[in-house]
Amino acid sequence: MLRKSFALLSKRDKKIMLLISLIQLSLTVLDVLSIALIGIIVSLSLFGIQARELPSYLNEFIEAFGLVNVSFQMQIAILSIVAGILLVGKTLSSAVINKRILTFLEEKTAQVMSDVLRQVINQPYDYLKSRSPADIVYSLTRGVSAALSGVIGSASIVFAEVFLLAVIFCSLLFFDPFITIVSLLYFGTLGFVQSRKWNNLSEDSGSKSVRSLLLSETQILNTFALYRELWVKNASEIQVSNFLDTRMKLAKHEARLRFLPYVSKYSLEISLVVGALLLTASQFLQRDALGAISILSVFLAAATRISPSILRLQQGLISLRSSIGQSKITFRMIDSIKPRPKLDMDYVFAGEQLLEACSLILKDVTFKYQDSDQNVVNEISLRIEKGEFFSLAGPSGNGKSTLLDLMMGALQPSSGQIQINGLIPELFIKKFPYGIGYVAQESTFMNVSIRENLTLGVYDSVSDDEIWSVLEMVGLRDTVLSLPLKLETVVGERGQSLSTGQKQRLSFSRALITNPKILFLDEPTSSLDKDSELSIAQLIKSIKGQVTVVMIAHRLETIKDADTIAYIENGVITRQGKFSEIF
Ligand SMILES: Nc1ncnc2c1ncn2[C@@H]1O[C@H](COP(=O)(O)OP(=O)(O)OP(=O)(O)O)[C@@H](O)[C@H]1O
Ligand SMILES: [Mg+2]
């Protein structure tokens, strides 16, 4: 998991991380130097106060510092200032570097989120359809945070603290190897036993809490989406109690995750007190008081650095493991992304204008949804000529919408080929981004103005005149004119301030706004009254020849004028021809 998290960073980012970590590690050397210095100052003071002969290592030290001819008080003062500067310097630089690491990771997180989002939205449509919105949103946002700021951030803390502890313990070996090894064994064993248990617990709680969190979010969304259905059955309360069940499970995991750092704090405090008592007792039994105090002072000075470091290490490990648990779902999503077939981009000149209607060819196209074992579209071959009005009819659930998704490249065929003007749909779209218009069976809108819903924020060059004329074509001009803010009216989340028929017509104008040369229409008149339906049929008639139209329709009225009708049953074209030949 750690390796997967690092794989999210580019080579350059990894180098930056390494560099920052190395600087951070070199700072720990300052830490150790200052601890040693404090030990020396305490010993020096003790010997000095009692006016006793200095031991040889202290003499050598004083000589090395060039402090031989300075008074005893001055020696202490100078050394204390140096120790102070070292300690404060290390703390301040650590703060600066930590801020740098945090900023770096947060910015990388934002970048990786958008990279993963790009990969995900470039997947075929069935990839997204098979996942719940709450899962997708989490995997792309908080899951990525957990993988980067969480996993990598905690790993770098763990790494730095392990290094610091190693350096401190190595230096302590120099003062008293026996005590050092004993305390290393003591803390090491305690830490090892505890962290093994906690690591698994925190990873487990991390991934379980994400699962409950997502379920609870989905429950809220479902409750609102099904508002009226639940209302008439008086079933809302059941949803609330299901939600409470889920949140209670979540509460259990969250409480555990929050409590674990406290456990590590308490157990560290207890082990420190016990350790210090043992150390003091052993020293006073072994040595004279003076020797004992100077050794103790070094170890206690070290303890002021060691204990927060152990605490940070333990908490770093807990957060590392819980972040691993929380980012699992993101990695599962990333692992399931399939690379898209490489496009021959040399061939593509984006933004070309099409001058005439498109042709469409399907050759033995077969398609099966990922989680199903039946072909929804079975070896369909057909040819739609430039400017033809082609219609797909057939019973519900027999593969019409799926076939339309395949034709425009939103789904990839399991086998067979599809070509619009001789290009695979994806390449065609790259080459002629204005070439295709599409009206979905259920229209979807964003909570932005009518203008932005029509242009999708892309075609800034579309003039107001063009928008009004398209609205006129679909019979919406008067409706929009009567709104106080006209084109700037915000249509509400999912367009709920519009009626179903208005949405359908707005969706139609969105398809027409770029002056496409091929139109894919999935029952564009299903929610319209007879008159509106006729006017749409009229509209299609009026663009006949200039635009190729592929339309799914249940109501036969609308496809009477079609050049060709293909009747689809069980994913196979069973009849094909003119209206009079089919019905
Ligand atoms: N994401 C999916 N995963 C698995 N099966 C799916 C998926 N989407 C659709 N199907 C199945 O594919 C079949 C064809 O669905 P499709 O939407 O293409 O039918 P349709 O002919 O457009 O029906 P309708 O007239 O009701 O719109 C159905 O049996 C449906 O259950
Ligand atoms: Mg359909």
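Conventions and cut-offs
Residues numbered from 1 in each chain as written. Chains lettered and ligands numbered in written order. Predicted model: local features only at pLDDT ≥ 70, side-chain atom pairs only at ≥ 80, totals over all residues. Helix = DSSP H or I, 4+ residues; strand = E, 2+ residues; numbered from the N terminus. Rg over C-alpha atoms; globule rule 2.2 N^0.38 Å. Contact = placed C-beta atoms within 7 Å. Buried ≥ 20, exposed ≤ 12 C-beta atoms within 10 Å, placed from the backbone. Near = placed C-beta within 6 Å. Nonpolar A, V, L, I, M, F, W, Y, C, P; charged D, E, K, R; others polar. Domains from an automatic or database assignment. Arc of directions from axis to C-beta. Pairing = 2+ DSSP bridges. Axes fitted to C-alpha atoms, helices over the stretch in contact; angles between N-to-C directions. Core = buried A, V, L, I, M, F, W, Y, C linked by C-beta atoms within 7 Å. Parallel < 35°, antiparallel > 145°, perpendicular 65-115°, else oblique. Left-handed = near helix turned anticlockwise from the far one by under 90°.

Student: Looking at this structure, how should I read the overall build of the protein chain?
Tutor: In terms of helices and strands, the protein chain carries 19 helices and 9 strands. Against the 2.2 N^0.38 benchmark of 25 Å for 583 residues, the protein chain shows a C-alpha radius of gyration of 36 Å, more extended than a compact globule. Its C-alpha atoms put the protein chain at 120 × 55 × 50 Å along the principal axes. A separation of at least 24 residues holds for 80% of the contacts in the protein chain among residues at least 6 apart in sequence.

Student: Explain the environment of Leu 30 to me, please; I cannot follow it from the model alone.
Tutor: Structurally, Leu 30 can be placed in helix H2 (residues 11-49). Note on Leu 30: 17 C-beta atoms within 10 Å, which makes it partly exposed. Excluding residues that lie within four positions of it along the chain, Leu 30 makes contacts with Leu 86, Gly 89 and Lys 90.

Student: Whenever I open this one, the site of ligand 1 confuses me. Can you help?
Tutor: By nearness alone, 15 residues border ligand 1, and Tyr 369, Ser 396, Lys 400, Ser 401 and Thr 402 come closest of all. Listing elements by their share of the shell around ligand 1, those giving two or more residues are helix H5 (125-129) and helix H12 (400-407). Counting residues per element, the shell around ligand 1 draws most heavily on H12, at 3 residues. Partitioned by chemical class, the residues of the shell around ligand 1 number 2 nonpolar, 9 polar and 4 charged. Taken together, domain 1 (2-336) and domain 2 (360-582) each give at least three residues to the shell around ligand 1, which thus spans both.

Student: Looking at this model, I keep getting lost on helix H6 (residues 133-140). Mind explaining?
Tutor: Note on helix geometry: an α-helix contains 3.6 residues per turn, so any two residues three or four positions apart are oriented the same way. Those residues of H6 lying buried are Asp 135, Tyr 138 and Ser 139. An end-on view of H6 places all buried positions within 95° of arc, on one side of the element.

Student: When you look at the sheet that holds strand S8 (residues 564-569) in this model, what are you seeing that I'm missing?
Tutor: Across a sheet, strands are paired by hydrogen bonds formed along the backbone, either parallel or antiparallel in direction. Spatial ordering of the open sheet is given by S5-S6-S7-S3-S8-S9, a layout of 6 strands whose pairing is mixed. At either margin of the open sheet sits one strand with a lone partner, and together these are strand S5 (436-439) and strand S9 (572-577). With direction set aside, neighbouring strand axes in the sheet form an average angle of 15°. Judged from the 4 bridges that link them, strand S3 (residues 389-393) and S8 form a sheet pairing that is parallel. Paired with Leu 392 across the bridge in S8 is Ala 566.

Student: Can you help me understand the nonpolar core in this one?
Tutor: Burial of nonpolar side chains together is a common tendency in soluble globular proteins. Within the largest apolar cluster, 61 residues are counted, with the highest numbers of intra-cluster contacts made by Met 407, Phe 520, Val 549 and Val 550. Those residues in contact with Val 550 that sit more than four places away from it in its chain are Ile 384, Phe 390, Leu 404, Met 407, Leu 519 and Phe 520. Residues Ile 101, Tyr 138, Ile 168 and Val 210 belong to the second largest nonpolar core, which totals 54 residues.

Student: Sorry, what's going on with the sheet that holds strand S2 (residues 375-384) here?
Tutor: Read from one edge of the open sheet, 3 strands run S2-S1-S4, paired in antiparallel fashion. A strand with exactly one partner marks an edge of an open sheet, and here the two such strands are S2 and strand S4 (415-420). Strand-to-strand twist across the sheet, computed as the mean angle between neighbouring axes with direction ignored, equals 20°. Sheet analysis places strand S1 (residues 360-368) next to S2, joined by 6 bridges and oriented antiparallel. What sits directly across from Leu 362, in S2, is Leu 382. The strands that H12 touches are S1, S2 and S4; relative to S2, the one it contacts most, it runs at about 60°.

Student: Help me understand the pairing of S8 in this model?
Tutor: In regular strands, side chains alternate between the two faces of the sheet. Pairing geometry for S8 and S9, over 5 bridges, is antiparallel. Residue Ala 566 lies in a different strand from S9, and its bridge partner there is Gln 576. Here S8 folds back onto S9 in antiparallel fashion, the turn holding 2 residues, of which Asn 570 has a positive phi close to 50°.

Student: Would you mind showing me how to read the domain arrangement of the protein chain here?
Tutor: Many descriptions give the size of an interface as the accessible area lost when the pieces come together. Segmentation of the protein chain into domains returns domain 1 (2-336) and domain 2 (360-582). Placing a centre on the C-alpha atoms of domain 1 and another on those of domain 2 gives a separation of 55 Å. Contact with domain 1, which involves 4 residues of that partner, is made by 7 residues of domain 2. Here the residues of the side of domain 1 that touches domain 2 sort into 2 nonpolar, 1 polar and 1 charged.

Student: Please clarify how the environment of Gln 194 should be interpreted in this entry.
Tutor: Here Gln 194 lies in helix H8 (residues 177-225). Each C-alpha atom, one on Gln 194 and one on Gln 314, is 9.1 Å from the other, the two residues being 120 residues apart in sequence. Sequence-distant contacts of Gln 194, that is, excluding residues within four places in its chain, are made with Ser 264 and Ser 267.

Student: What am I meant to see in the pairing of strand S7 (residues 548-552) here?
Tutor: With 5 of its 5 residues buried, S7 lies for the most part within the structure. By the bridge criterion, 4 bridges tie S3 to S7 in an arrangement that is parallel. Across the sheet, residue Ser 391 finds its bridge partner in S7, namely Met 551. Of the strand pairs in this sheet, strand S6 (residues 518-522) and S7 are connected by 5 bridges, and their pairing is parallel.

Student: Mind showing me how you'd approach the packing of H2 against helix H7 (residues 142-175) here?
Tutor: Packed helix pairs are characterised by how far apart their axes lie and by the angle those axes make with each other. At a minimum axis separation of 9 Å, H2 and H7 run at an interaxial angle of 30°. As summarised for this structure, H2 and H7 are arranged roughly parallel, according to the angle between their axes. Between H2 and H7 lies a crossing whose hand is right-handed. For the pair H2 and H7, contact is made by Ser 21, Gln 24, Leu 25, Thr 28, Val 29, Asp 31, Val 32, Ile 35, Ala 36 and Gly 39 and by Ser 156, Phe 159, Ala 160, Phe 163, Leu 164, Val 167, Ile 168, Ser 171 and Phe 175, respectively. Among the residues forming the contact of H2 with H7, the class breakdown is 12 nonpolar, 6 polar and 1 charged.

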